[in-house]
Amino acid sequence: SPERNRALELGYFWQPAPAIHLDLRVFQERINDFITAFNRLEPEYPTVQPGHTVVDFGNENPITLRGAEAQLQWRNRRGARLFAGYAWLDAAAADPRFDGDYTRSVPQHGASLLLSQEWPEDWQASLAYTYRSAMHWYREVPIDASHQLTGRLAKRLRWGDTQALAELIGGNLVEDVADYLPNRAWERGVFFRFSWHY
């Protein structure tokens, strides 16, 4: 059967001054007949998977997601910018039919912080930090919490109608980051990127 998703969201946007924005949201989503993959025993025919199993699809019992988000932005006239965000998410399933641990399959906490500064002659520098709490991908191995720090120094160049951007970027400056499987991590690194358009 097709999935049915019913969502309810309540938000509040506040701008006490032109340079400050505050955005708050709470939400709930209920997914009925969630389509999921599961391993099914197939004793009559040979299978590629071990244990005489095949991958099949079925409708799961209802899954409910609840969460809250907060975002704050601030800018000043001298080119400084601050962005801060936080998200909380909770997943719950009513008696899962296919042994899915949906509660741990989403990170419960996420946070981000961005500081950037623009200077005369088209120079820009920024520092971004993100945090994601531990989670367990559905039917995969657990993923530890991660702290990611990225630094960027950029210079915009102009030659007539042609514009170019030169960037020096340092990624994962705190630690290696595994966002899908523990043994597949994005390592620390520094790289240069150059792009242009007419």
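Residues numbered from 1 in each chain as written. Predicted model: local features only at pLDDT ≥ 70, side-chain atom pairs only at ≥ 80, totals over all residues. Heavy atoms only, no water.

All right, on to the pattern of salt bridges then. Applying the stated criterion across every chain yields a total of nine salt bridges. A salt bridge links arginine 4 to aspartate 33, with the shortest nitrogen-to-oxygen separation between them at 3.4 Å. Here aspartate 33 lies in the loop between strand S2 (20-32) and strand S3 (34-41) and arginine 4 lies in strand S1 (residues 4-17), a separation of 29 residues in the sequence. On the basis of relative accessible area, arginine 4 is assigned to the partly exposed category, the value being 43%. For aspartate 122, the salt bridge is made with arginine 158, and the minimal N-O distance between the two is 2.2 Å. Taken as a pair, aspartate 122 in the loop between strand S7 (109-119) and strand S8 (123-132) and arginine 158 in strand S11 (residues 146-159) lie far apart in primary sequence, 36 residues in all. Given the relative accessible area of 34%, aspartate 122 is considered partly exposed. Exposure remark for arginine 158: the relative accessible area of 47% places this residue in the partly exposed category. (Salt bridge = Lys/Arg side-chain N within 4 Å of Asp/Glu carboxyl O. Helix = DSSP H or I, 4+ residues; strand = E, 2+ residues; numbered from the N terminus. Buried < 20%, exposed > 50% of the residue type's maximum accessible area, 1.4 Å probe, protein only.)

One open sheet holds the nine strands; their spatial order is S1-S2-S5-S6-S7-S8-S11-S12-S15, and the pairing between them is antiparallel. Bordering the open sheet on either side are S1 and strand S15 (189-197), each of which pairs with just one other strand. Neighbour-to-neighbour, the strand axes of the sheet open up by a mean angle of 15 degrees, direction not taken into account. Note: S2 against strand S5 (residues 63-75), twelve bridges, orientation antiparallel. Its bridge partner being in S5, isoleucine 20 is matched across the sheet by tryptophan 74. (Pairing = 2+ DSSP bridges. Axes fitted to C-alpha atoms, helices over the stretch in contact; angles between N-to-C directions.)

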